[in-house]
Amino acid sequence: MTGRRELAAATLLGAAGAAVIVGFAGRTWATVAEHAGGLEAMNQRLSGRSLSGVIAALGWAGLAGIAALLATRGWARVAVGVLLAAFGVIVAIASPAAVRHSHVIAAAGEKSNLARLGGEVAVHVSAWWILSLAGGVLLAAAGLLTIVRGRRWPGMSARYDRPGAAPPAGDDPASLWKALDRGDDPT
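No experiment lies behind these values; they were computed from the predicted model shown.

## Things to note about the pattern of salt bridges
Charged atoms that come close allow side chains of opposite charge to pair. Counting across every chain of the model gives two salt bridges. Among the salt bridges present, the one from E6 reaches R149, with a minimum N-O distance of 2.9 Å. Residue E6 is located in helix 1 (residues 3–24), and its partner R149 is located in helix 6 (residues 128–149); the two are separated by 143 residues in the primary sequence. A relative accessible area of 8% places E6 in the buried class.

Okay, structure coming up:
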């Protein structure tokens, strides 16, 4: 596999994982129903964001990391890969922790005083958190691929560099203007 294909694979893996994390964090991950004295006192739906705000935030950070993956090269790209892998692992750990029975009841209790009535509480957990966990695994895989192979991948700006172009001598503004007058690009 060539460097460009590996870069494309890591980009697609990471973008898909981060998009899944962000997209499914807004879905209803758990429903809490409380029955007090034969009446339904509370029926509350909790999204992934309300159960754990860190999951969606790391998904957005993963999307930003994918942009940084494309814009960097060398050791900076490896550092971005380490961050992407860390974001993915944290999401993969935080997703099942967010739907633990005790955590769901505590989150519902923070949103409503009715959860403190002392009635019977039923918690129903949907499967959306599993997709968030899968997104974390994809993001971590993109990060690991970047750590292992990222230094060899081509950089975005290397394609547009002029071969053999040397920056003009001198850092004073007058020499920069003179270079512009000659037609040289001082950047």
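## Re helix 1
Between its first and last C-alpha atoms helix 1 spans 31 Å; for 22 residues at 1.5 Å apiece the expected length is 32 Å, and the two agree. The complete set of buried residues in helix 1 reads E6, L7, A10, T11, G14, G17, A18, I21 and V22. Down the axis of helix 1, the sector holding all buried residues measures 140 degrees, keeping them to one side. In helix 1, the exposed positions angled more than 90 degrees off the buried face are occupied by R4, R5 and L12. Contact partners of the buried residues in helix 1: helix 2 (48–51), helix 3 (53–71), helix 4 (75–98) and helix 6.

## Description of the packing of helix 4 against helix 6
Two elements in contact, helix 4 and helix 6, have axes separated by 7 Å at closest approach and are oriented at 160 degrees. Overall, the two elements helix 4 and helix 6 adopt an arrangement that is roughly antiparallel. As for how helix 4 packs across helix 6, the hand of that crossing is left-handed. Residue classes in the contact of helix 4 with helix 6 are distributed as 15 nonpolar, seven polar and one charged.

## Here we look at the nonpolar core
Grouped burial of nonpolar side chains is what soluble globular proteins tend to show. W29, L46, L51, I55, L69, V104 and L139 are the most contacted members of the largest nonpolar core, which totals 25 residues. Mapped by element, the contributors of at least two residues to this core are helix 1, strand 1 (28–36), helix 3, helix 4 and helix 5 (101–111). Per-element accounting of this core gives the leading share, six residues, to helix 4. Beyond its immediate stretch of four places on either side in the chain, V104 contacts A30, V32, L46, L51, A98, V99 and V123.

Criteria and cut-off values
- Residues numbered from 1 in each chain as written.
- Predicted model: local features only at pLDDT ≥ 70, side-chain atom pairs only at ≥ 80, totals over all residues.
- Heavy atoms only, no water.
- Salt bridge = Lys/Arg side-chain N within 4 Å of Asp/Glu carboxyl O.
- Helix = DSSP H or I, 4+ residues; strand = E, 2+ residues; numbered from the N terminus.
- Buried < 20%, exposed > 50% of the residue type's maximum accessible area, 1.4 Å probe, protein only.
- Expected span 1.5 Å × (residues − 1).
- Arc of directions from axis to C-beta.
- Contact = heavy atoms within 4.5 Å.
- Axes fitted to C-alpha atoms, helices over the stretch in contact; angles between N-to-C directions.
- Parallel < 35°, antiparallel > 145°, perpendicular 65-115°, else oblique.
- Left-handed = near helix turned anticlockwise from the far one by under 90°.
- Nonpolar A, V, L, I, M, F, W, Y, C, P; charged D, E, K, R; others polar.
- Core = buried A, V, L, I, M, F, W, Y, C linked by side-chain atoms within 4.5 Å.

Purely geometric numbers; function is a separate question.
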